[in-house]
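# Structure assessment
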Amino acid sequence: MTHTASSDEAANTRPEERRTADATVRRSRAPAANYTTPARSRWIRLRPYALPALTTLGLGLMRLTSGGYKVDTALYAGVAQRMIETGQWWTPSTGAVPYFNKPPLVMWIHGLFMSIAGADLWAIRLPQLFAAIGCILAGTHIARRLAGRSAALVAGMIVALSWPVAKHLNRLVLDYWTVLFILIGVACVVEAWSRSVRGPRPAPQTAGWMLAAGVSIGLATLCKPFFAFIALPILALWLILERQAKLAAWLTLAVVAALAVNLPWHLSMASIHGEVFTSQYLGREIVSRGVGQGGFGRNPFWWYFYFMTREWWPWLPVLVVALWAFLRGAHTHSTRPVRPALTFTAVWVGVWIVLLSAFADKRDRYMMHLWPALAFPCALYITRFAPARIRQGDSRAWTVLAALCMVGGLVGLTLGIVTHADRPDDDWAALMDRMHEIRAAEPGTAVYESFRHPPRGAKVYLTADIWPEPMFYGSPAVFREPPPGAVVLADYKDLTPIELDPHAESRFGKWRLLRYQPWMRTNFERWLGQP
């Protein structure tokens, strides 16, 4: 009876209603439950962080062991190794003289790691890879709070796959650690903003986020001098534009915390070393760099824009299209607000790019903290405003791409595949062999260098286990006379103008080894330009 009644109802149901009912039944069956399992829910929450981090890890592993001591790798590794050997961690040094070009935090971090793992190239670079992954995670979290989960995934992958971010993983630079601490500070402020827009928050909670932001910014200023402080007024401006002036006032706590982290080491160095510290640290490294004097370059104002057009591919066209769409008002039809992310990008990138462009000494890594913000408009466009075919693309492609990077990194590391090779310098190797012979035959001989390029002296230290003392030191540089018979390592380009190249004891390509004699003082002082 029941069966007959059901059959009659089915017969009397219109085809459209039957199709709707069948679809409802199919959606309610067991397979749909797979999409709500706790494991899948956790993966959905973690995926925006995990995929960019794994991509960066894979790219970093590809570059972990190849090449040599690029840029300042030898210098920072040598300072860290010197801290380990002497136990003098508070005052960094290059051999017998203090090193006041940069604050010590990065050397402390790498020194601690090298004290465990040794001074091989992979051990020198690995902590920096962790810092790069931290940068990606912090930038992704900022995007998550400003633009949502889908945009955060795309923004994180854009930054992880940006060549200007990945290119420096084969060298030790201070910028990854500086950017990491800056972005953590920004993430703390953005987190406080995100919570405040959802409703009033207890004052201790807001104070906690601002103090954490200040501590992180303070740590950034212990990686590179002072410029990270600029992040705090920029964040205050963004909060004011977002109608959060009261929250911006809380940034005074961040300023206090940042100064509390920054000042002890700087005041200590100024108290102990006086003008030797201030003239080098403030005079040469900040003022001279800023105005393009003292051997530092002066690039044109538009240099960073030129760099973006040269190396930020394929993302630059996406940024241009995204900005054009937003200028035409595409975001005004969005049901979810995009103003905070776009305002943040405009303020963060706009202020920084003007300040960096006014600074005479320009390097691509100086703008590393801008790439996450530049990725936000790209990610918003791809996930919300692009044509349907792009907007509805399968997000699993990002998973495949991250997996390929990770597999490529592991295979390259295991098989020792060289992704970037330095040209072998047999002449330098021969010079180091000669140094070993001299040290074995004459253990007490003093060794000096006139390279006037600190990484070369550090490279001698890491190779021959002795840090040659600089013949020229300080700002302005003064001549430090070696004792008679001391070994002097030099470049022939330095010796030729002062007519000392013919007196070299040994020649290895462009490298020279000579024995210092008192009569040479006049020649070296003439090269220095002293009376």
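This section reports on the structure supplied with the text. All values derive from a computational prediction rather than experimental measurement. (Residues numbered from 1 in each chain as written. Predicted model: local features only at pLDDT ≥ 70, side-chain atom pairs only at ≥ 80, totals over all residues. Heavy atoms only, no water.)

## Side note on the overall build of the chain
In plain terms, the rule: Helix and strand definitions follow DSSP, with helices as H or I runs of at least four residues and strands as E runs of at least two, each counted in order from the N terminus. Whether two residues touch is decided by their heavy atoms; if any such pair falls within 4.5 Å, the residues are in contact. Here the accessible surface of atoms and residues is derived via Shrake-Rupley with a 1.4 Å probe, and residues count as covered only by protein chains that are part of the display.
Within the chain, the secondary structure is distributed over 24 helices and nine strands. Across the chain, every contact between residues at least 6 apart in sequence was considered, and the portion connecting residues at least 24 apart equals 78%. Roughly 24,700 Å² of accessible area belongs to the chain as shown, and the carbon and sulfur atoms make up 61% of that amount.

## Points about the side chain of Ser-506
Mapped onto the secondary structure, Ser-506 falls in strand E8 (residues 506-508). Dropping the residues within four chain positions of it, Ser-506 is found in contact with Arg-434, Trp-511, Arg-512 and Leu-513.

## Thoughts on the sheet that holds strand E4 (residues 469-470)
Under the convention used in this document: Strand pairing is assigned whenever DSSP identifies at least 2 bridges connecting the two strands. In this analysis an axis means a line fitted to C-alpha atoms, helices contributing only their contacting stretch, and an angle means the value between N-to-C directions, from 0 to 180 degrees.
Ordered by their spatial adjacency, five strands build an open sheet running E4-E3-E7-E9-E8, and the pairing between neighbours is mixed. What marks the edges here is a single partner per strand, and that holds for E4 and E8. Of the strands in this sheet, strand E3 (447-449), strand E7 (487-491), E8 and strand E9 (511-515) are in contact with helix H21 (residues 426-441), which crosses E9 at around 25 degrees.

## A few points about the nonpolar core
Applicable threshold: To define a nonpolar core, start from buried Ala, Val, Leu, Ile, Met, Phe, Trp, Tyr and Cys residues and group those joined through side-chain atoms within 4.5 Å. Here the term buried applies to any residue with accessible area under 20% of the maximum for its type, exposed to any over 50%, and partly exposed to those in between, with areas from a 1.4 Å probe on protein chains only.
If you look at the biggest cluster of nonpolar residues, it comprises 129 residues, and the most contacted ones within it are Leu-146, Leu-251, Trp-312, Phe-344, Trp-348, Met-367 and Trp-371. Considering every element that reaches this core, the biggest residue donor is helix H9 (residues 175-197), with 14 residues. Sequence-distant contacts of Trp-348, that is, excluding residues within four places in its chain, are made with Ile-182, Val-186, Ala-231, Ile-234, Leu-235, His-369, Leu-370 and Ala-373. Core analysis: the second largest hydrophobic core is formed by 15 residues, Met-432, Phe-451, Ala-464 and Leu-489 among them.

## Observations concerning the environment of Gly-185
Along the chain, the position of Gly-185 falls in helix H9. A sequence separation of 46 residues divides Gly-185 from Ala-231, and the C-alpha atoms of the two residues are 8.6 Å apart.

## Focus on the pairing of E9
The element E9 is largely enclosed, with a buried count of five among its five residues. Neither face of E9 is open: one carries Trp-511, Leu-513 and Arg-515, the other Arg-512 and Leu-514, and all of them are buried. With five bridges connecting them, E7 and E9 associate as antiparallel partners. The partner of Val-487 across the bridge, within E9, is Arg-515.

## A look at the pattern of salt bridges
Convention followed: We define a salt bridge as a side-chain nitrogen of Lys or Arg found within 4 Å of a carboxyl oxygen belonging to Asp or Glu.
Per the counting criterion, the structure on display carries 20 salt bridges. For Asp-361, the salt bridge is made with Arg-363, and the minimal N-O distance between the two is 3.1 Å. For Arg-363, a relative accessible area of 29% puts it in the partly exposed group. We note a salt bridge from Arg-512 to Asp-501, for which the minimum N-O separation is 2.6 Å. A residue pair is termed long-range when its members are at least 10 positions apart, and Arg-512 in strand E9 and Asp-501 in the loop between helix H23 (492-495) and E8 qualify at eleven residues. Comparing Arg-512 with Asp-501 shows no difference in burial state: the two are buried. A single network of salt bridges, built from pairs that share partners, joins Lys-102, Glu-285, Arg-289, Asp-361 and Arg-363.

## Quick look at helix H3 (residues 38-62)
Working note: α-helix, 3.6 residues per turn, so residues spaced by three or four point in the same direction. The criterion, for reference: Here the expected span of a helix is defined as 1.5 Å times the quantity of residues minus one. Note that the bend at a residue is defined as the angle between axes fitted to the seven residues ending at it and the seven residues starting at it.
For H3, which comprises 25 residues, the first-to-last C-alpha distance of 34 Å matches the rise-based estimate of 36 Å (1.5 Å per residue) to within 8%. The sharpest bend along H3 comes to roughly 60 degrees, located at Leu-46, with the proline Pro-48 sitting one to four residues further on. In this structure, the buried side of H3 is in contact with helix H6 (121-147), helix H7 (149-160), helix H8 (163-166) and helix H20 (396-415).

## Regarding the packing of aromatic side chains
Condition: Any two of the Phe, Tyr and Trp rings considered here, Trp counted by its six-membered ring, make a pair once their centres fall within 6.5 Å; the pair's planes then place it as stacked at under 30 degrees, edge-to-face at over 60, or tilted in between.
Under the defined criterion, the tally for this structure stands at 25 aromatic pairs. Relative to Trp-352, the ring of Phe-227 has its centre 5.5 Å away and its plane inclined at 75 degrees; by these criteria the two rings are edge-to-face. With Phe-227 in the loop between helix H10 (203-221) and helix H11 (231-241) and Trp-352 in helix H17 (residues 339-358), this pair connects stretches of sequence that are 125 residues apart. On the numbers, 6.4 Å between centres and 55 degrees between planes, the contact of Phe-472 with Phe-524 is tilted.

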